[in-house]
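A structural walkthrough
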Amino acid sequence: MRNIRTIVRRDLGAYFTSPIGYIFIMVFLTISVGLYITSFFTFPVADMRSYFGNLPLLMCVFIPAVTMRVWAEERKENTWEMLLTFPMKAKELVIGKFLAAFIFFLVTLAGTLTVPIMLSVLGNPDPGAVFGGYLGTILLGAFFLSIGIFFSGFCRDQIVAFVITLLTCFLIFLLGTDFIASYIDGYVQGLGSLLSSLVGMIEHYSTFTRGVIEVADVLYFVAWTVLFLILNVLFIEGRNRPGSRVTFATAVTLCVGIGLAFNWLAADLSLGRKDLTEDKVYTLAPASKTILGKLEAPVKVKVYITPKSEMPTALKNLEQDIADKLDEMRVAAGGNLEFTPVYLKASNVLADAEDMLKPEGEEEEKKDEKEVIEKRMLDKGVQPFMVQALVNEELTQKPIYSSIGVGYREKEEEILPQIMPESIPELEYRLINTIYKMTREKAPKVALMAPKESVNIPPQMRQIYAQLGQPIPEQDDPYETLQAILEYEKYEVERIDLTQSSKLPEEYDTLVIVNPRELNDRQRWEINRALVSGKSVVLAVQTYNWDYRTTETGRLSLTKQEQNPQINELLEKYGLGVSKDILMDVNQVSLTIRSNANPLAALLGGGETIKLPMQMLINNTTMEKESPITNRLPAIFYLWGTALELKTDELAKYGLDAKTIAETTDRAWTFPGDQQINQAAIEGPETGQKYPIIAKVTGQFPDAYKDAPRPAWPPEQPAPGMPPTPPEPEDGEVPPVTPAPGTLILMGCSQMFHKNFLQSGNLDLFLNSVDAVTLGDDIVNVRGRKPIDRIIDKPTDTQRRVWKFVNYALVNIIVACAGIAVAVVRRQGRNAYTIAHNAAQTGKA
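We now turn to the structure provided with this report.

About the cut-offs
The residue count restarts for each chain, going from 1 along the sequence in the order it is written. Residues qualify for local features only when their pLDDT is at least 70, as the model is predicted, and side-chain atom pairs are given and counted only at 80 or more; totals for whole chains, interfaces and linings, by contrast, use all residues. Side-chain numbers here rest on the full set of heavy atoms in the structure, without hydrogens or water. The helix count covers DSSP runs of H or I at least four residues long, the strand count covers runs of E at least two residues long, and both are numbered beginning at the N terminus. Type-normalised accessible area, obtained with a 1.4 Å probe on protein chains alone, sets the label of each residue: buried when under 20%, exposed when over 50%, and partly exposed for intermediate values. Pairs of residues are marked as contacts when any of their non-hydrogen atoms sit within 4.5 Å. Where accessible areas are quoted, they stem from the Shrake-Rupley method and a 1.4 Å probe; at the residue level, only the protein chains shown are allowed to cover. Stacked, tilted and edge-to-face are the three classes applied to pairs of Phe, Tyr and Trp rings, where Trp contributes its six-membered ring and a pair requires centres within 6.5 Å; stacked means planes under 30 degrees apart, edge-to-face means over 60, and tilted covers the rest. To sit over a ring, a charge needs its Lys NZ or Arg CZ within 6 Å of the ring centre and within 35 degrees of the ring normal. Strand pairing requires that DSSP identify at least two bridges connecting the strands. Directions are taken from the helix axis to each C-beta atom, and the arc is the one they span. By nonpolar core is meant a set of buried Ala, Val, Leu, Ile, Met, Phe, Trp, Tyr and Cys residues that side-chain atoms within 4.5 Å join together. Crossover handedness is defined by viewing with both strands directed away from the observer: a clockwise path from the first strand over the helix to the second marks the crossover as right-handed.

A separate point is the overall build of the chain. In terms of regular secondary structure, the chain is built from 30 helices and 26 strands. Of all 845 residues assigned to the chain, the portion counted as buried reaches 48%. Taking all contacts inside the chain whose residues are at least 6 apart in sequence as the whole, residues at least 24 apart take part in 77%. Of the roughly 41,500 Å² of accessible surface on the chain, 56% is carried by carbon and sulfur atoms.

Right, dumping it as structure tokens:
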């Protein structure tokens, strides 16, 4: 150890006593951190995956520059032989030089810690993913350092050592990319995929950047690092021995063979893994284990997939990824989940299509031969789909199979279509959701009340519709996506208007009301009765909409459109309400509208970008972390919504528990809704406050119509040109209602569920709300098991300036000052030595 420490001090001192070492550090920090910061403030997200994704390419250049002098300089300065005559073993020399370079690399990497510090101050990054990314970078750095030190031993010229190491690192990097692997596969089928799995490092490195530590990936980097260090030791030990070249060549062949054999054996094995992510998003959720543990009969899962040999290069590991997830679920189910692969070839289906064009006699002769499984799968909904593939330098479309069938008892098999690598994080939810709903005796039922809008079709367009023989659309359904997604999620959905001719069904689980308009007393009575009886209600209320128009001069005209939901008359009886004030926040989203001042842009589908404080972006940082509805939500687009009114005293009096599960930032403000909005209102005050926007209310709701007669149904709106139809009299007494605790999800915005603005975060919010009140928290917790965009609230101008200075300048200034300080100390030391030496010589004289 003493000899190793001596070499470490010697080589480490060489890095830090030369200006070139500090220049290396400053260049690496400027490029790596600068690339990340440049885009960060445009769309701030507390996530470093993009940063770590750029590092391998930068390290392919930086690491060779660090290691090129390790042995090459010794040989150039003729200190090689002198160093080898020291009473040190070759392995001590190699380990010492490797550790010195490794410490220099760690010091350089430590300069990038300003990035996670910035993210922690401004937002809420996942510490596990950050740690995993740095661990992967350290292991990759050690691997590249061992390669650079190995090649440096062969060269007298540092530039030659740099170029050889650079090319080797680039080769290892490129062979792991899907593009290069696909390119090689286009000429030699399977060769690119083989080289990618045996040599490429991208797949091993990317696992760390997700926040997962795979034992096989750790061993990949450690094994290759050790092998290159061993080869370096063998080269130094046998430098002047007879037959050393043959011996060394044999050692290189054995070591490379051992490394490739290990990679091949570990390619499809999971030797153990650790999920470091904050919410363990890559581990089977406890809720999934609970659902699987309650299975009363085996679930049959079939993976309908194209054989690996016929898959495009980028999808060759897809079957293994699916099998790993299913195997984890099989263990959790205690044997009540069985899965088998079913290999299908899209070429068989295409051949059947060609047979249809052949003469009838020839088709009959081959009919028995063509009764393959692919034809039977078409009837079940298992169909091939097209994916992009690189073949002979051309990007083509290739048909493949990748679907999953789930069967339970005598129920019809449910098909999950088009399973792709990007959908693997959501595969657990899709499977558990399907299994959970298949094991229920009957499908959960939702009564959906959402208005449809009349369509004003110009007379010319009506004539065109008539000439084409197509029906003239009289209504547009802005919330049709909500109904479609609920049905996709295996809900039974009944669309209602909550009128006498479109009442609540006799049996249902949840009432969903989106954008209620001018509710009458009978409709409020029906909603109150649902809550009192213990039903779950999801209520999204829109108080205002805004009409944006640009004049011919280019000025923006804002027109407020009151929706008049008339729901507060009921909510006030529970201690709740939806504010009538206009809500605004500094976190804003841009909208693009057609501009009358620029007809060409409108014609081409463009327009003018509008950014106003009513277009609010609600980030995960202001959502309740304990609520399964919001704890894993990305940002939601809260368009033209208003705040909620939660009257604590009245809620407590009625025994209701109201929890705010989402709110604005602390820089939001309101403006009276009965006043004309102006520029001062849009700019807002210097300080603001938080406002609740989504709340979950539970408990026994009081009967707001207790001891009051049941309101009658008002006359329904007649068709154009028809007289109003009086309501039909209702016979019999009002059936009694049995009080039971209910649940209300109250939101001050429904425009975020409009099909034109339904982003992924808004859709997840809707599904989470319905699932939570209908099925319980388990299924919501499973849906949340996926990485989320940790969007940061808009930084202030001061924060931008401070953190740009810290990342761009401060660290480099510290490095430069450290280099200057070392140079000054060394200069003073040399001067003191010179003075002492001259004094000693003078004394002798």
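Tallied over the full model, the rule gives 28 aromatic pairs. Judged by centre distance (5.9 Å) and plane angle (65°), the ring pair of phenylalanine 16 and tyrosine 22 falls under edge-to-face. With 5.6 Å between their ring centres and 65° between their planes, phenylalanine 150 and phenylalanine 228 make a pair best called edge-to-face. Residue phenylalanine 150 is located in helix H8 (residues 127–152), and its partner phenylalanine 228 is located in helix H13 (residues 215–237); the two are separated by 78 residues in the primary sequence. Here phenylalanine 150 and phenylalanine 228 have matching classes, each one buried. Counting every residue linked through ring pairs, the aromatic cluster contains Phe143, Phe144, Phe150, Phe151, Phe154, Phe208, Tyr220, Phe221, Trp224, Phe228 and Phe235. Arginine 210 extends its terminal NZ or CZ atom over the ring of tyrosine 282, reaching a point 5.8 Å from the ring centre. Above the plane of the ring of tyrosine 508 lies lysine 535, whose end atom (NZ or CZ) is 4.6 Å from the centre.

Moving on, we come to the pairing of strand E20 (residues 608–618). Across the 11 residues that make up E20, a large majority, eight, are buried. Bridge analysis of strand E19 (residues 588–593) against E20 gives five bridges, and the strand direction is antiparallel. Counterpart to serine 590 in the pairing with E20 is lysine 611.

Here we take up helix H15 (residues 286–293). Taken residue by residue, H15 has Ala287, Ser288, Ile291 and Leu292 as its buried positions. Looking straight down H15, one finds its buried side chains confined to an arc of 130°; they lie on one side. Turned more than 90 degrees off the buried face of H15, the exposed positions are Pro286 and Gly293. Those residues of H15 hidden inside the fold are in contact with helix H16 (318–332), strand E4 (337–343), helix H20 (427–438) and helix H29 (777–783).

Before going further, it helps to examine the nonpolar core. Formed by 83 residues in total, the largest nonpolar core has its most connected members in Tyr36, Met48, Met118, Phe143, Phe144 and Phe221. With 12 residues, the single largest contributor to this core is H8. Setting aside chain neighbours within four positions, we find phenylalanine 143 in contact with Ile172, Tyr220, Phe221, Trp224, Thr225 and Phe228. By size, the runner-up hydrophobic cluster in this structure holds 79 residues, among which are Leu295, Ile419, Ile485 and Leu775.

Next up on the list: the pairing of strand E13 (residues 510–514). With respect to burial, E13 is a largely interior element, five of its five residues being buried. Burial along E13 is two-sided: the face carrying Thr510, Val512 and Val514 and the face carrying Leu511 and Ile513 are both buried. Both strand E9 (residues 445–449) and E13 contribute to a ladder of four bridges, which runs parallel. When the bridges of E13 are listed, leucine 448 appears paired with valine 512. Two elements, E13 and strand E14 (residues 536–540), share five bridges in a ladder whose sense is parallel. Residue pairing in the sheet places leucine 511 in a bridge with valine 537 of E14. One crossover worth recording links E13 to the parallel E14 by way of helix H23 (residues 521–532), and it is right-handed.

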